[in-house]
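# What the coordinates show
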Amino acid sequence: MACSGHGRRARPGSGQVTSAKRVWCGEDRCTRVQILVAAPGPPPFATSHLVHGEKIVEVGTSIPVDVHPTRDLFRLVDDPTSGEMLR
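Structure report, in brief. (Residues numbered from 1 in each chain as written. Predicted model: local features only at pLDDT ≥ 70, side-chain atom pairs only at ≥ 80, totals over all residues. Heavy atoms only, no water.)

Here we come to the overall build of the chain. Scanning the chain for helices and strands turns up zero helices and seven strands. Shown N-terminal to C-terminal, the secondary structure of the chain runs as helices and strands in the order β-β-β-β-β-β-β. Summarising the internal contacts of the chain: among those between residues at least 6 apart in sequence, 51% fall at separations of at least 24. Carbon and sulfur atoms make up 49% of the accessible area of the chain, which amounts to about 5500 Å² in all. (Helix = DSSP H or I, 4+ residues; strand = E, 2+ residues; numbered from the N terminus. Contact = heavy atoms within 4.5 Å. Areas by Shrake-Rupley, 256 points an atom, 1.4 Å probe, with all protein chains shown as cover.)

What follows is the structure, given as structure tokens:
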């Protein structure tokens, strides 16, 4: 993720799952994952991510993320429906 006009790049960081609960997404069920995101530079911030389907997400799971150097913006490094994060 490049930041236009500033030449700054996203910094690698980590997100830690603080909670996960099943919610309705229209007529379907989803899982809302609360995440605390931390990276070198900006202060940590909390956010949430909606995953389609009812997934088991353990509190304390670490998720690799890229974090914008000056804003509370991030992106998941890997597909959130793959790997060890969700079963």
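That shown, we press on.
Membership of the largest hydrophobic core is limited to 12 residues, which are V17, V33, I35, V37, A39, F45, V51, V57, I63, V65, V67 and L76. Setting aside chain neighbours within four positions, we find F45 in contact with I35, L36, V37, V67, D72, L73 and F74. (Core = buried A, V, L, I, M, F, W, Y, C linked by side-chain atoms within 4.5 Å. Buried < 20%, exposed > 50% of the residue type's maximum accessible area, 1.4 Å probe, protein only.)

The subject of this paragraph is the state of the cysteines. Applying the stated criterion across every chain, the model contains one disulfide. Residue C25 pairs covalently with C30 via a disulfide, S to S 2.0 Å. Residue C30 is classed as buried on the basis of its relative accessible area of 4%. (Disulfide = S-S within 2.5 Å.)

To continue, consider the environment of V59. Tracing the chain through its elements places V59 in the loop between β5 (45-52) and β6 (62-67). Looking at V59, the relative accessible area reads 58%, which means it is exposed. C-alpha of V59 to C-alpha of T18: the two residues are 41 residues apart in sequence and 5.3 Å apart in space. Sequence-distant contacts of V59, that is, excluding residues within four places in its chain, are made with V17, T18 and S19.

On to the pattern of salt bridges. Applying the stated criterion across every chain yields a total of two salt bridges. Measuring nitrogen to oxygen at the nearest pair gives 3.0 Å for the salt bridge that ties R22 to E54. Of this pair, R22 sits in strand β3 (residues 11-25) while E54 sits in the loop between β5 and β6; the two residues are 32 residues apart in sequence, bridging distant segments of the chain. On the accessibility criterion, E54 (47% relative accessible area) is partly exposed. With its nearest N and O atoms 3.8 Å apart, the salt bridge here joins E54 to R29. In this pair, E54 is assigned in the loop between β5 and β6 and R29 in strand β4 (residues 28-38), connecting sequence segments 25 residues apart. Among the residues examined, R29 registers a relative accessible area of 27% and is labelled partly exposed. Residues participating in the shared-partner salt-bridge network are R22, R29 and E54. (Salt bridge = Lys/Arg side-chain N within 4 Å of Asp/Glu carboxyl O.)

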